[in-house]
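Architecture at a glance
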Amino acid sequence: MLSLLREYKERFGIPERGGVREQLWVLTELCTRLYSSGTPLWVLKPVMSKAAEGLTGSRLVDFVLFTRSGFIYSPSSNTTASFTMERGFDMRMTTLAERILVRLASFASNARTVHSIKADIPKLSTLIKAARGQSVMIMGKSKDRRELLAKEILDLASEGIGLFYLTQKDLRGAGIRNELDSDQSGTFSQINKDVKQFWTIDDSDREVFTRLVTMEAVSSLKAMSKLPPSNQIYPRHVILLFRTISAAGAAGLWFSASWWDMLVAGFLAIVVSLFEGSALWKHERMIFEVFVSFVVGALTGFITITWKEVTCFQAIAVASVIDILQGFRVVYSIMEIMSKHTISGGADFLESLLFTGLIAYFLKFGLHAAETVMGDREEQDLFQCSKPISQWWYLLLVPVTSLSWSVLFTPLYRDLPLMTFHGILSFVVYWAITQIPDENMDGIAIFVAALTVTASAGFISRFTGRQALGDTVTGLYVLLPGSYLARGLFNTASNKVLDGTLLTSIVVIAVTIGLGGWTGTMLCSPTILGTNNGLLKNFAKIRAMDKRSLSILRHQDHRMTDEHGGRAMLFF
């Protein structure tokens, strides 16, 4: 690597591009993309710090992240930059952005991978052998080796110990001197001076390398921007179909709904989706949620008052708006507070609680409007679902509903099977434990289900290189409706929407999900699971995407195979 790097510097000089400004752009753009695709703050900051070290060679780059904004400090230029970001869920973007993240992190000083594998100083004989091999490589004849050299340098740095590892370790110290003294043949002593000179890395070498890394990252991010938006992967009518199934499944699985309830919930979910595409509330999300909640509440009220015997207001109304409820925001906010992101977590929690209250209030307001028009008062049986479907139907409903929930996160096609599997796994574990006749089983079921999902996603990610966040998000989504939002919204519907019991339930269940998720993630960490040759072989085989692979993705990103994969960094 050093031989090639020096050849590049001698032949082409220090690149004009890839300076401090572009480094800051890469870090802010990558951070924004990861956050907007669903990466939580407690995961985002450490992985971005590692990527910044790989990009700049400095461990002092610092990030301060809030709910909708962030700050980054660069010690090389002594500057602080601010940027805006918005939370969302886009698993396809997570998969693509993680590859760039891992590529940058692989240049950091710890080791060739990003899984805390111990980085020992290589033996002198190994370094000399590598230097001689690379010296042969640079003697090949070529008219223009600029791009080829840059790619080869970065590939070697990514797969090997990396330039920044060499700059932060004193390879000319006692370790090498002891090896020289212990060598009886004296071969190494004769070339000691040349070896020391070869492994001395000056600032210009470092500058060339950081600029090459930055140029590659800029190229990858710009190529990613040219890809079709994630919402174009699935046709509009397919999204409507899966939203219908999602709402119907939520009603049947979580609210003991009848077939009629499920049918109406699916229809109203289509109404919500059609309103969501309107430009009237493009910049005012609150107006959309208020309007849709009122419309759904009114329509559901008309239906449930007219057909009281076969319909249930709670199942239809809440399941219809399940996609706009603030489930993940509540869970994320509690976990942000637990991970010491107090400001962001507190702001998220208050916002999610406010929007949940608004949705619930206007659902109730819509029901009141329907009662006024119909001339019939609210009755308690509107909130009691007394004709649930047979649980034998769960064998069909759970897989189909889990697939629908997975599609709503817009993943790559090849990620759908595993995401669906983790949705099924989560529900099965939760349902099985709640069948035990004990009033305390609900909390235990949620904890074990969250633990099982994150552990399974982590194990699969460790051995395949696929990102674990999509599998985790789908599995946890299955727990959200029944956990605190949907079941609690109308417990006090005849009096007030939100009370102390519901607030306590929100906090307790969110903490339970968070602790279960973190416990599962720890079970598949390198500290507990350890490393093995299979993992290392897989990591060494997989290379991050370059310009050519992004060109392939532009045309068929939904057909990617494992050869286009990346090492995983994003765990829950």
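The structure this text deals with has already been given above.
Below: a short report on this structure. Because the structure is a prediction, the values reported are computed rather than measured.

Side note on the overall build of the protein chain
The helix and strand inventory of the protein chain stands at 25 helices and 3 strands. Considering only contacts in the protein chain between residues 6 or more positions apart, those separated by 24 or more positions represent 80%. With the model as given, the accessible surface of the protein chain reaches about 25,400 Å², and the carbon-plus-sulfur share is 60%.

So, the sheet that holds strand 3 (residues 79–84)
Reading across the sheet, the 3 strands line up as 1-2-3 and stay open at both edges, with antiparallel pairing between neighbours. With one partner strand each, in any of the chains shown, strand 1 (62–65) and strand 3 form the two edges of the open sheet. Across the sheet, the mean angle from the axis of one strand to that of its neighbour is 15°, orientation sign disregarded. Both strand 2 (residues 69–74) and strand 3 contribute to a ladder of 6 bridges, which runs antiparallel. Paired with Ile72 across the bridge in strand 3 is Ala81. With respect to the sheet, helix 2 (residues 20–36) is in contact with strand 1, strand 2 and strand 3, its orientation differing from that of strand 3 by roughly 35°.

Re a nonpolar patch on the surface
Residues Trp259, Trp393, Leu396 and Val400 make up a contiguous nonpolar surface patch of roughly 410 Å² in combined accessible area. Summarising the element assignment, Leu396 is placed in helix 18 (residues 394–407). We classify Leu396 as exposed; its relative accessible area is 53%.

Let's talk about the packing of helix 3 (residues 41–56) against helix 11 (residues 203–225)
One way to put it is that helix 3 packs onto helix 11 with a least axis distance of 7 Å and a crossing angle of 125°. Compared by their axis directions, helix 3 and helix 11 come out oblique. When helix 3 is examined against helix 11, the residues Gly54, Leu55 and Thr56 are found in contact with a partner set consisting of Arg206, Thr210, Val213 and Thr214. Its residues placed into classes, the contact of helix 3 with helix 11 shows 2 nonpolar, 4 polar and 1 charged.

Section: helix 4 (residues 91–105)
With 15 residues, helix 4 extends 20 Å between its outermost C-alpha atoms, agreeing within 8% with the 21 Å of an ideal straight helix rising 1.5 Å per residue. Among the 15 residues in helix 4, 15 count as buried, and that is most of the element.

Points about helix 17 (residues 342–374)
Structurally, the α-helix is built with 3.6 residues per turn, so residues lying three or four positions apart point the same way. End to end, helix 17 covers 48 Å across 33 residues, agreeing with the expected 48 Å (1.5 Å per residue, within 8%). Count one or two residues on from helix 17 and you reach Gly375, which has phi positive near 70°.

Remarks on the nonpolar core
One finds Leu30, Met48, Leu104 and Trp254 to be the most contacted residues of the largest nonpolar core, which totals 111 residues. In this structure, Ile233, Tyr234, Ile239 and Val407 belong to the second largest nonpolar core, which totals 7 residues.

Here we look at the pairing of strand 2
Only one face of strand 2 is buried, namely the one carrying Gly70, Ile72 and Ser74, since none of Ser69, Phe71 and Tyr73 on the opposite face is buried. In the sheet, strand 1 pairs with strand 2 via 4 bridges, with the strands oriented antiparallel. Note on strand 2: the bridge partner recorded for Asp62 is Tyr73. Hairpin connection between strand 1 and strand 2: a loop of 3 residues separates the two successive antiparallel strands. Turn length for the strand 2-strand 3 hairpin, with the two strands adjacent in sequence and antiparallel, is 4 residues, and the turn residue Asn78 shows positive phi of about 55°.

Regarding the pattern of salt bridges
Counted according to the given criterion, the structure contains 13 salt bridges. Across the salt bridge formed by Lys151 and Asp155, the nearest N and O atoms sit 2.8 Å from each other. Of this pair, Lys151 and Asp155 both sit in helix 6 (residues 146–159), 4 residues apart, which is roughly one turn of that helix. The exposure class assigned to Lys151 is partly exposed, which follows from its relative accessible area of 36%. The salt bridge partner of Asp323 is Arg243, with a shortest N-O separation of 3.5 Å.

As for the packing of aromatic side chains
Applying the stated rule across the entire model yields 16 aromatic pairs. For the pair Trp259 and Trp393, a centre-to-centre distance of 5.1 Å together with 90° between the ring planes defines the contact as edge-to-face. Of this pair, Trp259 sits in helix 13 (residues 259–276) while Trp393 is found in the loop between helix 17 and helix 18, placing the two residues 134 residues apart along the sequence. Given the relative accessible area of 44%, Trp259 is considered partly exposed. Where Phe275 meets Phe291, the ring centres are 5.2 Å apart and the plane angle is 85°; that geometry is what we call edge-to-face. One end of the pair, Phe275, is in helix 13; the other, Phe291, is in helix 14 (residues 285–306), with 16 residues separating them in the sequence. Among the aromatic residues, ring-to-ring pairing joins Phe89, Trp405, Phe409 and Tyr477 into one connected group.

Side note on unusual backbone geometry
For Ser256, which is not a glycine, the phi torsion comes out positive at approximately 50°. Following the sequence through the fold, Ser256 ends up in the loop between helix 12 (236–254) and helix 13. Take Ser256: its relative accessible area is 35%, and that puts it in the partly exposed class. Positive phi outside glycine occurs at Thr410, with the angle close to 45°. Here Thr410 is to be found in the loop between helix 18 and helix 19 (416–434). Residue Thr410 is classed as buried on the basis of its relative accessible area, which comes to 13%.

Rules used throughout
Every chain is numbered on its own, with residues counted from 1 as its sequence reads. Only residues with pLDDT of at least 70 are given local features in this predicted model, and only at 80 or more are side-chain atom pairs given and counted; all residues enter the totals for whole chains, interfaces and linings. In computing side-chain values, all of the structure's heavy atoms are included and hydrogens and water are not. We count a stretch as a helix when DSSP gives it H or I for four or more residues in a row; a strand needs E for two or more, and each element gets its number in order from the N terminus. A contact between two residues is defined here by any heavy atoms of the two lying within 4.5 Å. Residue-level accessible areas treat just the shown protein chains as cover; the underlying method is Shrake-Rupley with a 1.4 Å probe. Any two strands between which DSSP finds at least two bridges are classified as paired. In this description, a line fitted to the C-alpha atoms serves as the axis of each element, helices being fitted only across the stretch in contact, and the angle between N-to-C directions of two axes falls anywhere from 0 to 180 degrees. Patches draw on residues past 30% relative accessible area with no salt bridge. Two like charges within 9 Å are joined, as are two nonpolar side chains (Val, Leu, Ile, Met, Phe, Trp, Tyr) within 5 Å. Only one rule defines a salt bridge in this text: a Lys or Arg side-chain nitrogen within 4 Å of an Asp or Glu carboxyl oxygen. Here the term buried applies to any residue with accessible area under 20% of the maximum for its type, exposed to any over 50%, and partly exposed to those in between, with areas from a 1.4 Å probe on protein chains only. The cut-offs work like this: below 35 degrees is roughly parallel, past 145 is roughly antiparallel, 65 to 115 is roughly perpendicular, and the gaps in between are oblique. Asp, Glu, Lys and Arg are counted as charged, while Ala, Val, Leu, Ile, Met, Phe, Trp, Tyr, Cys and Pro are counted as nonpolar; the rest, among them Gly, fall into the polar class. In a helix, the anticipated span is given by 1.5 Å times the number of residues less one. To define a nonpolar core, start from buried Ala, Val, Leu, Ile, Met, Phe, Trp, Tyr and Cys residues and group those joined through side-chain atoms within 4.5 Å. Here is the rule: rings of Phe, Tyr and Trp (six-membered ring for Trp) pair when centre to centre is within 6.5 Å. Planes less than 30 degrees apart are stacked, more than 60 are edge-to-face, and the remainder are tilted.

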